[in-house]
Amino acid sequence: MADAQLGTAGPLPGAESEDVELYHPHSWLTKYVFSQDAKIIAIQYASTALAIGLVALVLSWLVRLQLGFPGAISFIGPKEYYQLITMHGMIMVIYLLTALFLGGFGNYLIPLMLGARDMVFPYVNMLSYWIYLLAVLVLVASFFAPGGPTGAGWTLYPPQAILSGTPGQEWGIVLMLLSLILFIIGFTMGGVNYVVTVLQARAPGMTLMRMPLTIWGIFTATILALLAFPALFVGAVMMLLDRLLGTSFFMPAIVEAGQRLRYNGGSPILFQHLFWFFGHPEVYIVALPAFGIVSDLISTHARKNIFGYRMMVWAIVAIGALSFVVWAHHMYVSGMNPYFGFFFATTTLVIAIPTAIKVYNWVLTLWRGDIHLTLPMLFAIAFIVTFLNGGLTGLFLGNVVVDVPLSDTMFVVAHFHMVMGVAPILVIFGGLYHWYPKVTGRMLDERLGQLHFWATFLGAYAIFFPMHYLGLMGVPRRYFDIEGLSFVTPSVATLNAFISVVALLVGAAQIVFLYNLVRSLTHGAPAGPNPWRATTLEWQTPETPPPHGNWGATPPVVYRWAYDYSVPGAAEDFIPQNQPGRAPGPAPA
Amino acid sequence: MTLVLLYLAVLAALSARWLSRQRLASKPWLETGMTLGVPAGPHPVAPARLGLAVLLAAIGLLFALLVAAYTMRVPREAWQTLPDPGILWSVTGLLALASVALHGAVRAASRGERDGLLLALAAAGTATAGFFAWQWLAWRRLLDLGAGPGSDAAAAFFYLLTALHGLHVAGGVAALAVIAVRALRAADPRDLRPAAFLCAVYLDALLAIWLVLFGVLYRTPWSGWILALCGPL
């Protein structure tokens, strides 16, 4: 047992960080707009992401209205339908989930949870946000460009992405690719910041193995993103050149409307490799921060130390590493050497092992815990259930022989919405309910929150459970209208209508959440410094909301791990990380 | 994608080596106190150096992916058929000169010699300007031969690889210009040593990347190594 003397005047731990000279804003503009404070930047990221997420929500409503009630909305034709699904998917995956987890939660929590005063490169951090905002604006501009946004599908597969039959071929695809390039440049600036801050700006005593799992998740996801986004960058630049300069990186010799185009010899499969080399790690870029956050929510609100902390850390690292050798499982139907298919199927299934370890550990943390069914806890439990469901259908799709008949059906849509849409969004909500009191000093309204939770959770299941059955019945995805198809039974229309009605209701519940966010800024009950009686450093700041520099005159010193809950013999059921003194007894592993 | 996987394997090995020193097998729930710091290394790395290392890792992967894309897209018979490689040899020499000059700037800054620092920065700036001029000349020659971006895959990759590499060099030149302006104003040129060092390392990395690109685009003594690494999976 590597126990240590406590509360003594021994030497401080080996220089995890040294106190830094902060940039101090001199005007309202530099304090709240062009701010270099990570907390303000986090709020800017989160607000922008939620705003563009609202656009994606409206787009999904329109998609569902078309599917549930074909022809009911006069302005939605096949062209518009493809534009709607493309923009909905891209916004949700990149501009909402990635930006909110890493730019929003990352910026707010990394310095505070590690006991740092700010990110190590505040100016670059500020630039990161403004480039992200520019990327969002360029994307939004495509709605107003001639021909509208691209309708190539969120995977932007060539050759169809830049052929004239695809909506948005003139401007939409160009703006989309430019926006992605900008996003990646902006993210890289932020990502370098997050990594260096985690490695070098931790408070004295905050060893890596004392970091909360939220930070482990964000840290590992950032490394994944720094290594995965270059592939999307390369793909986007090359496709942009194919579109604008007539190169043939991805475009094969092709005849369009009876005319042979200028392209020759390009490889669409090359784009798929590049896209999925980014695309699959992207799943974990979103999932790993969610894993980390949900671990902290469960531990805090079950008043119990996280079960198997070391395993949780190792699992995060293992998932991150494995996520780079599974990309081609998205390409089974593109054709490949059968041995490759076997390899990628195997690595895909192997990822289930560390992932399952995490699920077991969450459940075992809850086991015999003092569970408080607060809103963050409700969302955390909902995440576990949803992620498990989404993960199980992933096992279906990870197998080549099962995947082939299910490819391009609504089963796939239901799967990835459960595992990559609903599940991480539940964590985002849980995280926002959990940390809102620290950000604003006020609690979110409980009754509105309960309404929001139950409508979202039950609604998501009412939408996506039946959707799996649609897929099993052979209903294809990306079809504007399935009426009249001989292989589609009439009951599909009824189920589609039901799903659409529920989707509208679930969407309305998100408006309630946004209302709650705004209303509670002024009407929420005062939160106090640590309303959840949590152990981690962000709850131990001298002021709430934390001021510029976070810690007043003296940065904190860390004496223990992040999960000292319900320690036998302790005066309270939690011991903050910065509280000196020996824990009265060893906690169970 | 072999090159990409190898690159990732190297990064993974370095990460694993670093992680192995972080006491990941410790039991933090049993370790209470404040004497449990990270094992003391020789010297803590400055944040800017670490930041640059992380950035270069991402940039390195970007170019590894581009080279992988080149090998997957360009037919073998079309590899390394650039006309007039002499220009590219000149480009390589100029970039190497810029790198050497920047290391001279680092040494001058270390000694506190303002004039030496400015001279070395000017030399590096001139060399990079020459780099861009010769790169432009190479583009002109290709265009004059009718090998525009849309002519064939090898030409398209030539423009793409050199343009993206050039943009990264331009970033280094911007940093170099900032250092030069600060050198004119700084009370003590020694203060500029860290920045000059980072700029020099950045250009070194871009020189290394350029050598790989050159080896792909034209038959060089080291092309065989690169081609062996770029074989199909």
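Only a predicted model underlies this, so the values are computations on that prediction, with no experimental measurement involved.

Turning our eyes to something else, we now look at the overall build of chain B. Helix and strand counts for chain B stand at 7 helices and 0 strands. Going from the N terminus to the C terminus, chain B shows its helices and strands as α-α-α-α-α-α-α. Projected onto its principal axes, the C-alpha coordinates of chain B cover approximately 70 × 50 × 25 Å. Within chain B, the proportion of its 233 residues that are buried is 49%. Within chain B, counting contacts between residues at least 6 apart in sequence, those at least 24 apart form 78% of the total. Accessible surface, chain B: about 10400 Å² in total, of which carbon and sulfur atoms supply 69%. Between the mean site of the 17 positive side-chain charges and the mean site of the 10 negative ones, chain B shows a separation of 8 Å.

When helices and strands are counted, chain A shows 15 helices and 2 strands. By the compact-globule yardstick of 25 Å for 589 residues, chain A fits well, its C-alpha radius of gyration being 24 Å. Along the first, second and third principal axes, the C-alpha set of chain A runs to 85 × 55 × 50 Å. Looking at the 589 residues of chain A, the share that counts as buried comes to 63%. Partitioning the intrachain contacts of chain A with sequence separation of at least 6 by distance along the chain shows that 78% fall at a separation of at least 24.

Residue and element names in this part refer to chain A. Structurally, the position occupied by Val 402 is in helix α12 (residues 400–406). In this structure Val 402 comes out as partly exposed when scored by relative accessible area, which is 31%. C-alpha separation for the pair Val 402 and Val 413, spaced 11 residues apart in sequence, amounts to 15 Å.

Turning our attention to the nonpolar core. Core analysis: the largest hydrophobic core is formed by 272 residues, its most contacted members being Tyr 95, Trp 216, Met 238, Tyr 309 and Phe 383 of chain A. At 23 residues, helix α3 (residues 78–114) of chain A tops the list of elements feeding residues into this core.

Among the structural elements, Asn 125 of chain A can be located in helix α4 (residues 122–144). Contacts of Asn 125 of chain A, omitting those with residues within four sequence positions, involve Ala 38, Ile 41, Asn 107, Met 119, Gly 190, Asn 193 and Tyr 194 of chain A.

Taken residue by residue, chain A gives an average pLDDT of 90. The fraction at 70 or more is 94%. A low-confidence stretch, residues 1–17 of chain A stays under pLDDT 50, and its non-local contacts, those more than four residues away or across chains, total 54 contacts.

The end-to-end C-alpha separation of helix α4 (residues 114–144) of chain B is 45 Å, in line with the 45 Å expected for 31 residues at 1.5 Å each. All of the buried residues in α4 of chain B are Leu 117, Ala 120, Leu 121, Ala 124, Ala 127, Thr 128, Gly 130, Phe 131, Gln 135, Ala 138 and Leu 142 of chain B.

About the thresholds
Residues numbered from 1 in each chain as written. Chains lettered and ligands numbered in written order. Predicted model: local features only at pLDDT ≥ 70, side-chain atom pairs only at ≥ 80, totals over all residues. Heavy atoms only, no water. Helix = DSSP H or I, 4+ residues; strand = E, 2+ residues; numbered from the N terminus. Buried < 20%, exposed > 50% of the residue type's maximum accessible area, 1.4 Å probe, protein only. Contact = heavy atoms within 4.5 Å. Areas by Shrake-Rupley, 256 points an atom, 1.4 Å probe, with all protein chains shown as cover. Lys, Arg positive; Asp, Glu negative; His and termini not counted. Charge placed at Lys NZ, Arg CZ, Asp CG, Glu CD. Rg over C-alpha atoms; globule rule 2.2 N^0.38 Å. Core = buried A, V, L, I, M, F, W, Y, C linked by side-chain atoms within 4.5 Å. pLDDT = per-residue confidence, 0-100. Expected span 1.5 Å × (residues − 1).

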